[in-house]
Amino acid sequence: MVTAIITAAGKGSRAKIKGNKLLEKIGDKTVLELALLPFDYNERIDEIIVTANEEYYDEFSEIIKCVTNTPVKLVVGGETRTFSVLNALNECNGEIVIIHDGARPFVTEELIDACLDSVATYGSGVACVPTVDTIGVTDGDFIRSTHRSDCLSIQTPQAFLLSEILEAYSHVSDGEIFTDDAGVYSRYVKPAHVVEGDKRNVKLTFKEDFEKYPDLYCGTGFDMHPLIKGRKLILGGVEIAHDKGLDGHSDADALLHALTDALLSAAALKDIGFYFPDSDDKYKNADSRLFVKEALSMLAEKNLKVKNASLVVMAQKPRLSPYAEKIRGSLSALLGVSENSVGISFTTTEGLGTVGREEGIACQAYVLLERDRDLLKMP
Ligand code: MG
């Protein structure tokens, strides 16, 4: 029988992320889920124990529900990693234990298998990769010696016979700090056996590590208003010389309405009509830049920022290309992004349909948002 222990009791304070880095999402899953699932899918794993910090016990209880093929439970961690692992080891039912860091979400089933195969042959199996950088031994300010050929970067998973790793831990004295289990095992039992690790199996430690996995959301919006005499034509917050203007409750800036809907849609919020109903007198002849600003502040509450926007205006007349730079400038100022992040194009519909008959102007907008990972503002 094989027990997997996923260590997740650390607070990850080095990542400078508010909350717990294991609760950060990569794509649609949290780091912890990604670290758990390969163990759940691997048929050689009979039970999973997750060490958790008391502070995050409830959140982790929810997350481990993603494990559906394997019995799973949470164990409250201790003061240090060493104590947390020991707590989990005392709960193991397997005669083989495979220990994995919850902050390594890219572990593969193949690597799990390789570590378990190594235990069967050598009694232990520790995932390691060659070091890319030369390792220096220093006294803090000066390098005393350098090494590379005899150094390995040690990853997890690390698999052991339960009896041997418990034996190793029984020798650990108070105040003795180990950053991994191979260290404890090699110190008190025997040298642990090297398994070829995987360079992709990185540990997410610092906020920079998360920057490679941006949390992105796209959104789309569309709007069309009728063209009538006696109204100003405003598109993208820019007044355009024409003998007709767009009709509507607000200033009828269809381009900004499409943009507002794209922003709201990317954040899975409701649409412009819900937040700014045309039944509300407050919005009578309103400057539509207000809607964009309000939408942006709703996004800010979700830590969402605009990466770029791409928009199309469909109008038979007037010719809008002379206004391209002015509209682009207006949109980039409004969105708080550089002009290089705003694309705008204009098209007629070659005389076809409502737009072609100059009865109205239609606009389409796309946006891409990125969620800021709630980084602590350092003083
Ligand atoms: Mg509208």
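Here the structure is a predicted model, which means the values were calculated and not measured.

(A) Layout of the overall build of the protein chain. A count of helical and extended segments in the protein chain gives twelve helices and 18 strands. Taking 21 Å as the expected radius of gyration for a compact globule of 379 residues, we find that the protein chain reaches 29 Å, considerably beyond that expectation. Judged by the C-alpha coordinates and their principal axes, the protein chain covers about 90 × 50 × 40 Å. Split into buried and exposed, the 379 residues of the protein chain put 47% on the buried side. Across the protein chain, the fraction of contacts at a sequence separation of at least 24, relative to all contacts at a separation of at least 6, is 73%. Carbon together with sulfur atoms contributes 50% to the accessible area of the protein chain, which is approximately 18900 Å² in total.

(B) View of the domain arrangement of the protein chain. Assigned domains within the protein chain: domain 1 (2–211) and domain 2 (216–375). If you average the C-alpha positions of domain 1 and of domain 2, the two centres end up 49 Å apart.

(C) How the structure looks around the coordination of the magnesium ion. Distances from the magnesium ion to its protein donors, namely Asp223 (OD), His225 (NE2) and His257 (ND1), fall within the range 2.1 to 2.2 Å. Each donor residue of the magnesium ion lies on one chain, and together they are spaced D-x1-H-x31-H. Here the residue Asp223 occupies a position in strand E12 (residues 215–229), and His257 occupies one in helix H8 (residues 254–266), the gap between them amounting to 34 residues. Classification of Asp223 as buried rests on a relative accessible area of 17%. Judged by relative accessible area, His257 falls into the buried class, the value being 7%.

(D) How the structure looks around the nonpolar core. In terms of nonpolar packing, the biggest core is built from 46 residues, with Leu235, Leu259, Leu263 and Leu335 touching the most fellow members. Secondary-structure elements contributing two or more residues to this core are strand E13 (233–235), strand E14 (238–240), H8, helix H10 (289–301), strand E16 (304–314), helix H11 (324–335), strand E17 (342–347) and strand E18 (360–371). Broken down by element, this core gets its largest block of residues, nine residues, from H8. Non-local contacts of Leu259, meaning those with residues more than four positions away in its chain, are made with Val292, Ala309, Leu311, Leu331, Leu335, Ala365 and Val367. Grouped together as the second largest cluster of nonpolar side chains are 36 residues, Ile6, Phe39, Ala103 and Cys115 included.

(E) Up close: the pairing of strand E5 (residues 72–76). In this structure, strand E4 (residues 47–52) lies alongside E5, joined through five bridges in parallel fashion. Bridged to Ala52 within E5 is Val76. Viewed along the sheet, the connection from E4 through helix H2 (residues 57–63) into E5 turns out right-handed.

(F) The packing of H8 against H10, seen in detail. Running from amino to carboxyl end, H8 crosses H10 at an angle of 10 degrees, the nearest separation of the two axes being 9 Å. Of the possible angle classes, the one that applies to H8 and H10 is roughly parallel. Listed contacts from H10 to Leu256, His257, Leu259, Thr260, Leu263 and Leu264 of H8 are Arg289, Phe291, Val292, Ala295, Leu296, Met298 and Leu299. Here the contact of H8 with H10 is built from residues that sort into ten nonpolar, two polar and one charged.

(G) Representation of the sheet that holds strand E6 (residues 96–101) in the model. Taking strand neighbours across the sheet as the criterion, the seven strands line up as E5-E4-E1-E6-E10-E7-E11 in an open arrangement whose pairing is mixed. Unpaired on one side and paired on the other, E5 and strand E11 (194–196) mark the two borders of the sheet. On average, each strand axis in the sheet is tilted by 30 degrees relative to the strand beside it, whichever way the strands run. As judged from the three bridges shared by strand E7 (residues 124–130) and E11, these two strands associate in the parallel manner. For Cys128, the partnering residue across the bridge sits in E11 and is Glu196. Sitting on the sheet, helix H4 (residues 109–122) touches strand E1 (2–8), E6, E7, strand E10 (152–161) and E11, and the angle it makes with E10 is about 60 degrees.

(H) Geometry of a nonpolar patch on the surface. Together, Leu152, Ile154 and Val194 line one region of the surface with nonpolar side chains, adding up to about 250 Å² of accessible area. By secondary structure assignment, the location of Ile154 is in strand E10.

(I) The arrangement of unusual backbone geometry in detail. The omega angle of the peptide bond from Thr156 to Pro157 is 10 degrees, so this bond is cis rather than trans. Within the fold, Pro157 resides in strand E10. Residue Pro318 is bonded to the preceding Lys317 through a cis peptide linkage, with omega at -5 degrees. Inspection of the secondary structure puts Pro318 in the loop between E16 and H11. One non-glycine residue, Ala252, lies in the positive phi region at around 65 degrees. For Ala252, the position within the fold is in the loop between strand E15 (244–246) and H8. If you check the backbone angles, Asn303 has positive phi at about 60 degrees while not being a glycine.

Reading the values: rules and limits
- Within any chain, residue numbers begin from 1 and follow the written order of that chain's sequence.
- Two thresholds apply to this predicted model, a pLDDT of at least 70 for residue-level local features and 80 or more for giving and counting side-chain atom pairs, whereas whole-chain, interface and lining totals are computed over all residues.
- Only hydrogens and water are removed before side-chain values are computed, so all heavy atoms of the structure are retained for them.
- What counts as a helix is a DSSP run of H or I of at least four residues, what counts as a strand is a run of E of at least two, and both are numbered from the N terminus.
- The quantity called the radius of gyration is restricted to C-alpha atoms. Its globule counterpart is 2.2 Å times the number of residues to the power 0.38.
- Each residue is assigned to one of three classes by its accessible area relative to the maximum for its type, calculated with a 1.4 Å probe on protein chains only: buried under 20%, partly exposed between the two thresholds, exposed over 50%.
- Should any heavy atoms of two residues lie within 4.5 Å, those residues are counted as being in contact.
- Computed by Shrake-Rupley with a 1.4 Å probe, the accessible areas treat only the displayed protein chains as cover when residues are assessed.
- The source of the domain bounds is an automatic or database domain assignment.
- Only N, O and S atoms count as donors, using a 2.8 Å cut-off from the metal and 3.2 Å for Na, K and Ca, and because water is excluded some sites may appear unfinished.
- We call a set of buried Ala, Val, Leu, Ile, Met, Phe, Trp, Tyr and Cys residues a nonpolar core when their side-chain atoms join them within 4.5 Å.
- By definition, two strands form a pair when at least two bridges between them are found by DSSP.
- With the strands pointing away from the viewer, any crossover whose connection runs clockwise from the first strand over the helix to the second is right-handed.
- Orientation is described by lines fitted to C-alpha atoms, with helices fitted over the stretch in contact, and by angles between N-to-C directions that extend from 0 to 180 degrees.
- What sets the label is the angle itself: under 35 degrees gives roughly parallel, over 145 gives roughly antiparallel, 65 to 115 gives roughly perpendicular, and the rest give oblique.
- Residue polarity is assigned by list, with Asp, Glu, Lys and Arg as charged and Ala, Val, Leu, Ile, Met, Phe, Trp, Tyr, Cys and Pro as nonpolar; anything else, Gly included, falls into the polar class.
- Each patch is built from residues lacking any salt bridge and having more than 30% relative accessible area; the joining distance is 9 Å for like charges and 5 Å for nonpolar side chains (Val, Leu, Ile, Met, Phe, Trp, Tyr).
- Salt bridge, as used here, is a side-chain nitrogen of Lys or Arg placed within 4 Å of a carboxyl oxygen of Asp or Glu.

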